[in-house]
Amino acid sequence: MTDPTEEIPQVDYVEGTGIPIRGNDIDTDQIIPARFMKVVTFDGLGEFAFFDLRFDDEDNQKDHPMNEERFGDANVMVVNNNFGCGSSREHAPQALMRWGIDAIIGEGFAEIFAGNCLALGIPTLTADHETINALQQWVDDNPDGDIEVDVEAETVRYGGNEISVSVDDAQRQALVEGIWDTTALMKANRNAIEETAAQLPYLDQTRSDLEADD
């Protein structure tokens, strides 16, 4: 039986403004440099997202969209191909989420990065090169323009346009049905897990052996 206090929200729709991050093969070390991973929790990682691309060695700002005030409230990131490649560090999507990103639209994503995004309820949606370039340019020209991401229907609407995007079937099901947070699912179904464990004879034997050792 599911505990309603552990309810996982459905992520079938995201709306907001965009931020374009251009370039292929942007890896997780660029998204969150390794020196910022020495943290006990993920809190505060957002300020270090893309740090080395945003600041020089003296912490002076570089030319980067995440430093521009006009994109300060953006929650939909538009990227190019093979985004999130490199190491499998989960700190990368954690940093983006804590900066304020709720959805990422791009030409393609590294598989592990997309999986780490799913664990946070962040949809990763794909479209072809021309479609993404057009969306990035529109976002650049319309930083306050509204973007509507329909995860279930696999569409994105902006500026009077509607484009088709792709979402991995398993990801889409998990997001739309609200089953993307596996840890919360286990907590919500802990009674059923305990009941099943109690019926497994080899677990009973293990417990008996441990008690005998004591």
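As a reminder, the structure under discussion sits directly above these lines.
Every value quoted in this text rests on a predicted model; they were computed, and no experiment measured them.

K.L.:
What should I look at first to understand the pairing of strand 6 (residues 147-150) in this one?
P.N.:
Put simply, side chains in a regular strand alternate between the two faces of the sheet. Two strands pair when backbone bridges link them, and strand 1 (residues 13-16) and strand 6 are joined in this way by four bridges, in the antiparallel orientation. Each residue of the ladder has a partner; that of Glu 15, found in strand 6, is Glu 148. Judged from the four bridges that link them, strand 6 and strand 7 (residues 155-158) form a sheet pairing that is antiparallel. In the sheet register, Asp 150 faces strand 7, and the bridge partner there is Thr 155. Adjacent in sequence and paired antiparallel, strand 6 and strand 7 are bridged by four residues, among which Glu 154 carries a positive phi angle near 55 degrees.

K.L.:
Got a minute to help me understand the nonpolar core in this structure?
P.N.:
Side chains that are nonpolar tend, in soluble globular proteins, to be buried together. If you look at the biggest cluster of nonpolar residues, it comprises 57 residues, and the most contacted ones within it are Phe 50, Met 77, Phe 83, Leu 96, Ile 104 and Phe 113. Contributions of two or more residues to this core are made by strand 3 (76-78), helix 3 (91-99), strand 4 (103-106), helix 4 (111-118), helix 5 (129-141), strand 6, strand 7 and helix 6 (169-177). If sequence neighbours within four positions are ignored, Phe 50 has contacts with Ile 21, Ile 26, Gln 30, Ile 31, His 64, Met 66, Met 77, Phe 83 and Leu 96.

K.L.:
Explain the pattern of salt bridges here, please?
P.N.:
Oppositely charged side chains may form a pair once their charged atoms are brought near each other. On inspection of all chains with the given rule, the structure shows ten salt bridges. Across the pair Glu 68 and Arg 70 runs a salt bridge, and its minimum N-O distance is 2.5 Å. Under the relative-accessibility criterion, Glu 68 is labelled partly exposed at 26%. Between Arg 172 and Asp 169 there is a salt bridge, and its shortest N-O distance comes to 3.5 Å. Here the residue Arg 172 and the residue Asp 169 both occupy positions in helix 6, the gap between them amounting to three residues, near one helical turn. Here Arg 172 falls in the partly exposed class, since its relative accessible area comes to 24%. Judged by relative accessible area, which is 56%, Asp 169 ranks as exposed. Beyond isolated ion pairs, a larger network of salt bridges with shared partners links Arg 22, Glu 68, Arg 70 and Asp 140.

K.L.:
Can you walk me through the packing of aromatic side chains in this structure?
P.N.:
Two descriptors summarise a pair of aromatic rings, namely the distance from one centre to the other and the angle between the planes of the rings. This structure, assessed with the given rule, holds eight aromatic pairs. Note on Phe 36 and Phe 48: the rings are 4.3 Å apart at their centroids and 10 degrees apart in plane angle, and the pair reads as stacked. Here Phe 48 lies in the loop between helix 1 (28-31) and helix 2 (51-54) and Phe 36 lies in the loop between helix 1 and helix 2, a separation of twelve residues in the sequence. Taken together, a centroid distance of 6.0 Å and an interplanar angle of 55 degrees make the contact between Phe 48 and Phe 51 tilted. Given a relative accessible area of 14%, Phe 51 falls into the buried group.

K.L.:
What is the right way to read the side chain of Arg 54 from this model?
P.N.:
Assignment of secondary structure puts Arg 54 in helix 2. One buried charged side chain, Arg 54, makes no salt bridge at all; its nearest oppositely charged neighbour is Glu 47, positioned 8.0 Å away. Here Glu 47 takes part through its backbone oxygen, which lies 3.4 Å from a polar atom of the side chain of Arg 54. The contacts of Arg 54, once residues within four sequence positions are left out, are Gly 46, Glu 47, Ala 49, Asn 60, Gln 61, Lys 62, His 64, Met 66 and Asn 67.

K.L.:
Just to check I follow, could you spell out helix 5 for this structure?
P.N.:
Helical geometry note: an α-helix holds 3.6 residues per turn, so side chains three or four residues apart project in the same direction. Compared with an ideal rise of 1.5 Å per residue, which puts 13 residues at 18 Å, helix 5 spans 18 Å between its outermost C-alpha atoms and is within 8% of the ideal. Of all the residues in helix 5, the buried ones are Thr 131, Ile 132, Leu 135, Gln 136, Trp 138, Val 139 and Asp 140. Looking at the buried positions of helix 5, the neighbouring elements they touch are strand 2 (18-20), strand 3, strand 4, strand 6, strand 7 and strand 8 (161-164). Where helix 5 begins, the side chain of Asp 128 points an oxygen toward the backbone nitrogen of Glu 130, at a separation of 3.2 Å.

Criteria and thresholds
Residues numbered from 1 in each chain as written. Predicted model: local features only at pLDDT ≥ 70, side-chain atom pairs only at ≥ 80, totals over all residues. Heavy atoms only, no water. Pairing = 2+ DSSP bridges. Helix = DSSP H or I, 4+ residues; strand = E, 2+ residues; numbered from the N terminus. Core = buried A, V, L, I, M, F, W, Y, C linked by side-chain atoms within 4.5 Å. Buried < 20%, exposed > 50% of the residue type's maximum accessible area, 1.4 Å probe, protein only. Contact = heavy atoms within 4.5 Å. Salt bridge = Lys/Arg side-chain N within 4 Å of Asp/Glu carboxyl O. Phe/Tyr/Trp six-rings, centres within 6.5 Å; stacked < 30°, edge-to-face > 60°. Lys, Arg positive; Asp, Glu negative; His and termini not counted. Polar contact = N/O pair within 3.5 Å; in protein donor to acceptor, adjacent residues only side chain to side chain. Expected span 1.5 Å × (residues − 1).

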